[in-house]
Amino acid sequence: MLLVEDDELMRRSFSVALERYGYEMTAAADGLTGLELFRDEDFDLLILDVMLPGLDGIGLCRRVRETSLVPVLMMSARGDGLDVVAGLEAGADDYVVKPVDTYVLVARIRSLLRRATYAPAPGPERAADEGPPSAGEVLAFGDLTIDTGGLEVFVSGSPVALTPTELKLLLEFAAHPGVVLERHTLLRDVWEYGWDGDSRVVDLCVQRLRRKLGRDRIETVRGFGYKLRR
């Protein structure tokens, strides 16, 4: 796991705490060093502070997303709305506000890693209009095709690269085609928040899905949430 944090005390504190939970940690003090480490090694997850010297966390996240779908957790010292939105738009999967309790940080990390290793059991191929999908099915919604067993997504026959969070969100929509899913339901089932979280993570992830799948595929139902059009 790669941690990029410019504050030496926090960098050491987070690294020691996460190592106690069994995670192998690599740390960097600035964005450019973090980018070099990311390019030289394979990491299961990145934790990026927003405010970094040289290359900030948002810019680093964008550079990572050019080549990788590795889960990214952003950290913001201020919880500033612009920082949060910019980080999520850059491709981050989730964020935490510092100071953050270790158990909260570990819970977010575990959730991200579960999404990254999600692997449903194989099942029979079937049509999307036969009801909610089971693991291993191939579903079609217009020009959108989802192989829930192979975890592959295609638009008009061309493969679409999704981050683990984007994929799990799409699978949640595909499990309930035409059904409005409220933001708090998606936070619980996709992000695994056991409490009321920030609905912006849902909104920004939906926006990223729309850019990749087509803007009309996921419909906004104002005042309620979102639904996948059949």
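Just so you know, these numbers come straight off a predicted model, no measurement behind them.

1. What to know about the side chain of Arg108
Structurally, the position occupied by Arg108 is in helix H5 (residues 102-116). Of note is the side chain of Arg108, whose polar atom sits 2.6 Å from the backbone oxygen of Tyr95.

2. Considerations on a negative patch on the surface
A cluster of like negative charges, contributed by Glu19, Glu24, Glu36, Asp40, Glu41, Asp42 and Asp44, occupies part of the molecular surface. Tracing the backbone shows Asp40 in helix H2 (residues 31-40).

3. Topic: the pattern of salt bridges
Scanning the model with the defined rule gives 14 salt bridges in all. Salt-bridge contacts for Glu219 lead to Lys227; the nearest nitrogen and oxygen are separated by 4.0 Å. Note on Lys227: relative accessible area 22%, which makes it partly exposed. Connected through shared salt-bridge partners, Glu5, Asp49 and Lys98 make up one network.

4. Some points on H5
An ideal rise of 1.5 Å per residue puts 21 Å on 15 residues; H5 measures up with 21 Å between its terminal C-alpha atoms. Residues of H5 that are buried: Val104, Leu105, Val106, Arg108, Ile109, Ser111, Leu112 and Arg115. Looking at the packing, one finds that the buried side of H5 touches helix H1 (8-20), strand E3 (46-49), strand E4 (72-76), strand E5 (94-97) and helix H6 (164-174).

What counts and how
Residues numbered from 1 in each chain as written. Predicted model: local features only at pLDDT ≥ 70, side-chain atom pairs only at ≥ 80, totals over all residues. Heavy atoms only, no water. Helix = DSSP H or I, 4+ residues; strand = E, 2+ residues; numbered from the N terminus. Polar contact = N/O pair within 3.5 Å; in protein donor to acceptor, adjacent residues only side chain to side chain. Patch = residues over 30% accessible without salt bridge, like charges linked within 9 Å, V, L, I, M, F, W, Y side chains within 5 Å. Areas by Shrake-Rupley, 256 points an atom, 1.4 Å probe, with all protein chains shown as cover. Salt bridge = Lys/Arg side-chain N within 4 Å of Asp/Glu carboxyl O. Lys, Arg positive; Asp, Glu negative; His and termini not counted. Charge placed at Lys NZ, Arg CZ, Asp CG, Glu CD. Buried < 20%, exposed > 50% of the residue type's maximum accessible area, 1.4 Å probe, protein only. Expected span 1.5 Å × (residues − 1). Contact = heavy atoms within 4.5 Å.

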